Amino acid sequence: MKLIFEKGMEGRGCTLLPPSDVPLIQLGEKHKRKQELHLPEVSETELSRHYTELMKRTFGVNDGFYPLGSCTMKYNPKINEEIAKMPEFADIHPLQPEHTIQGCLEVMVLAEKYLSEITGMDRFTFQPAAGAHGEYTGLQLIRAYHEAKGNVKRDKILVPDSAHGTNPASAVMAGFTVINVPSTKDGYVDVEELRKAAGDDTAGFMLTNPNTLGLFEENILEITEIIHQAGGLNYYDGANLNAIMGIARPGDMGFDVVHLNLHKTFSTPHGGGGPGSGPVGCKEILADYLPSPCIIENDDGNYHLEFNKEGSIGRVKAFYGNFLVVVRALTYILTLGKEGLKHASESAVLNANYMMHHLKDTYPIPFPDKCMHEFVISLEELKKEKGVTALDIAKAMLDHGIHPPTMYFPLIIPEALMVEPTETETKETLDEVIEIYKKIYKEAVDHPEAMRDYPRNTIIGRPDEVAAARKPVLRYRYDGASN
Ligand SMILES: *Cc1c(COP(=O)(O)O)cnc(C)c1O
């Protein structure tokens, strides 16, 4: 397939610009381009066909089953898009005068109120643009808290080995030293090891819950108490709130700060690189340090953006975050309502357990008793006995028109496949998929050699993943030079 830059012809185009409604300004030489700008020059037909062709080559939740564990690829209701594209939301400018965007500020105030209620927190910021960005922001709040108390010695963050990979990475980025806490053989945080690791150098503890094995930490109250006793703060990675939304609240479990992924649990399309939103919620003790600007309600009922917030860690992103993602999340919360959110979580957990239950006699499942919104398969034995890997199984799924689960994650399970069906799949789809999974496993056992050829019916089969990750070609050179 040709790139858009390789199509079209000079002088061809399809732009219809509205008449300018602002005065013309001549740029000085200093600000002008030195080289001519190359843009694709294509007709509207070419453009439309190009994107249709691209669309056919991708796979999304609208194409079929997409159980990408830890990513919550749920169906995103169209009403969210209807609301987010209203010109009153979509056509605003971040530097518009405050009195003209009171409704937009109210959206953020309301979203903050609902998310605080859902998580048991007191305040929220919507600046972080992704989950990992939220982790970084939350850790800065923890740092500011200890610094304000003069506890400069507290520079360690404790992270269980069942945490999401971004947790230790964010802690390092935020300038902390990471202390790894091992899991028990049942997949939970080893409480005795945690007790040993916690001390007067502990800044905080980061818990992914449910953890990456799809398990809810059974000793959660004891865990948060150990950290508080040691003088540290508790961070809840709530990127996957899908299992507990409307049912249990991190704030009630002893957590001081939490991030959510609006682009997972609260239904914004994702997977194509954004935009996302990773709001951070915190208890009152951390509220002073939240990023600025924050929204304040004046006595006259108007909302005001406060930029000079004393004690704030400052900005973590330009302006106010990805506002339209917040609009979608608020729409989602309001359309589902209190009961609907709870029902979504219950269905997500039920669907995952249903699939796990029907697969556990076929696929080895390390923790097969019960799971939350996702479960993990290990193909270690299959690899040893038949030479068939998790990758081979995943590739075979593509030929059945379904998306593979997350592969090789969590890292503590060899040859892992992590399945998260989400609440938006019907029982019929789950039944179909269960049959496909079983069929593939049988083929792997009976004809292991055939498994290396999959997929046979997709446009791209098995790309060189290392080269794709390490040497991506992200730029088109008109002059034909190599990147
Ligand atoms: C997805 C995820 C993250 C990271 O979120 P991004 O938006 O991709 O940065 C962090 N923690 C958990 C548990 C996640 O599932």
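Structure first, text after, so check above.
Residues numbered from 1 in each chain as written. Predicted model: local features only at pLDDT ≥ 70, side-chain atom pairs only at ≥ 80, totals over all residues. Heavy atoms only, no water.

Relative to the helices and strands, Leu-262 resides in the loop between strand E6 (257-260) and strand E7 (280-282). Residue class for Leu-262 comes out buried when judged on its relative accessible area of 0%. Considering only alpha carbons, one finds Leu-262 and Met-407, 145 residues apart in sequence, at a separation of 23 Å. With sequence-adjacent residues up to four places away left out, Leu-262 is seen in contact with Leu-115, Phe-126, Ser-267, Thr-268, Ser-277, Pro-279, Val-325, Val-326 and Ala-329. (Helix = DSSP H or I, 4+ residues; strand = E, 2+ residues; numbered from the N terminus. Buried < 20%, exposed > 50% of the residue type's maximum accessible area, 1.4 Å probe, protein only. Contact = heavy atoms within 4.5 Å.)

Quick look at the side chain of Asn-240 now. Along the chain, the position of Asn-240 falls in the loop between strand E5 (233-238) and E6. Asn-240 sits in the buried class, given a relative accessible area of 5%. Residues within four places of Asn-240 in sequence aside, it is in contact with Ser-70, Cys-71, Thr-72, Asn-209, Pro-210, Lys-264, Thr-265, His-373 and Glu-374.

Let us look at the site of the ligand. Around the ligand, a shell composed of 14 residues is seen, among which Ser-70, Gly-131, Asp-237, His-263 and Lys-264 lie nearest. Residue Asn-261 places a side-chain N or O atom 3.0 Å away from an oxygen atom belonging to the ligand. Out of a free accessible area of 380 Å², the ligand has 85% covered by protein chains. Among the elements that make up the shell around the ligand, the one with the highest residue count is helix H5 (residues 131-148) (three residues). Split into classes, the residues belonging to the shell around the ligand amount to three nonpolar, eight polar and three charged. (Near = heavy atom within 4 Å. Polar contact = N/O pair within 3.5 Å; in protein donor to acceptor, adjacent residues only side chain to side chain. Areas by Shrake-Rupley, 256 points an atom, 1.4 Å probe, with all protein chains shown as cover. Nonpolar A, V, L, I, M, F, W, Y, C, P; charged D, E, K, R; others polar.)

Our next topic: the sheet that holds strand E4 (residues 202-208). Strand order in this open sheet of seven strands is E1-E7-E6-E5-E4-E2-E3, and the pairing throughout is mixed. At either end of the open sheet lies a strand with only one pairing partner, and these are strand E1 (123-125) and strand E3 (177-181). Along the sheet, successive strands turn relative to each other by an average axial angle of 25°, direction set aside. Two strands pair when backbone bridges link them, and E6 and E7 are joined in this way by three bridges, in the antiparallel orientation. Looking across to E7, one finds that Val-258 is bridged to Gly-281. Across the sheet, helix H4 (residues 102-119) lies against E1 and E6, angled at about 120° from E1, the strand it touches most. Against the sheet, H5 contacts strand E2 (156-160), E4, E5, E6 and E7, and its axis sits at roughly 170° relative to E5. (Pairing = 2+ DSSP bridges. Axes fitted to C-alpha atoms, helices over the stretch in contact; angles between N-to-C directions.)

Before going further, it helps to examine the nonpolar core. Of all hydrophobic cores here, the largest spans 53 residues; its most connected members are Met-108, Leu-115, Ile-118, Leu-194, Leu-241, Leu-262 and Phe-266. Per element, the largest residue contribution to this core is eleven residues, and it comes from helix H10 (residues 323-359). Discounting residues that sit within four places of it in the chain, Ile-118 has contacts with Leu-241, Met-245, Ala-248, Arg-249, Phe-266, Ile-333 and Leu-341. Counting 30 residues, the second largest nonpolar core, distinct from the first, contains Ala-352, Met-397, Ile-434 and Ile-436. (Core = buried A, V, L, I, M, F, W, Y, C linked by side-chain atoms within 4.5 Å.)

Relative to the helices and strands, Leu-213 resides in the loop between E4 and helix H8 (220-229). As a C-alpha pair, Leu-213 and Leu-158 span 55 residues in sequence and 18 Å in three-dimensional space. Residue contacts for Leu-213: discarding those within four places in its chain leaves Gly-187, Phe-367, Glu-374, Val-376, Pro-410, Ile-412 and Ile-413.

A cluster of nonpolar side chains, contributed by Met-1, Tyr-51 and Leu-54, occupies part of the molecular surface with about 300 Å² of accessible area. Taking the relative accessible area as the measure of exposure, Tyr-51 reaches 48% and is therefore partly exposed. (Patch = residues over 30% accessible without salt bridge, like charges linked within 9 Å, V, L, I, M, F, W, Y side chains within 5 Å. Salt bridge = Lys/Arg side-chain N within 4 Å of Asp/Glu carboxyl O.)

The subject of this paragraph is the pairing of E2. The element E2 is extensively covered by neighbouring structure, given that four of its five residues are classed as buried. Examined bridge by bridge, E2 and E3 share five bridges and lie parallel to one another. Looking across to E3, one finds that Ile-157 is bridged to Val-178. This β-α-β element, E2 to helix H6 (residues 166-173) to E3, shows right-handed connectivity. (Right-handed = clockwise from strand over helix to strand, strands pointing away.)

Put simply, side chains in a regular strand alternate between the two faces of the sheet. Because side chains alternate across strand E12 (residues 416-419), one face comprises the buried residues Ala-416 and Met-418, and the other comprises Leu-417 and Val-419, equally buried. Note: strand E10 (residues 375-378) against E12, four bridges, orientation antiparallel. Following the sheet pairing, Val-376 is matched in E12 by Met-418. When strand E11 (residues 406-407) meets E12, the two strands line up antiparallel, connected through two bridges. Across the sheet, the residue bridging to Thr-406 is Met-418, located in E12.

Keep in mind these values describe shape, not function.
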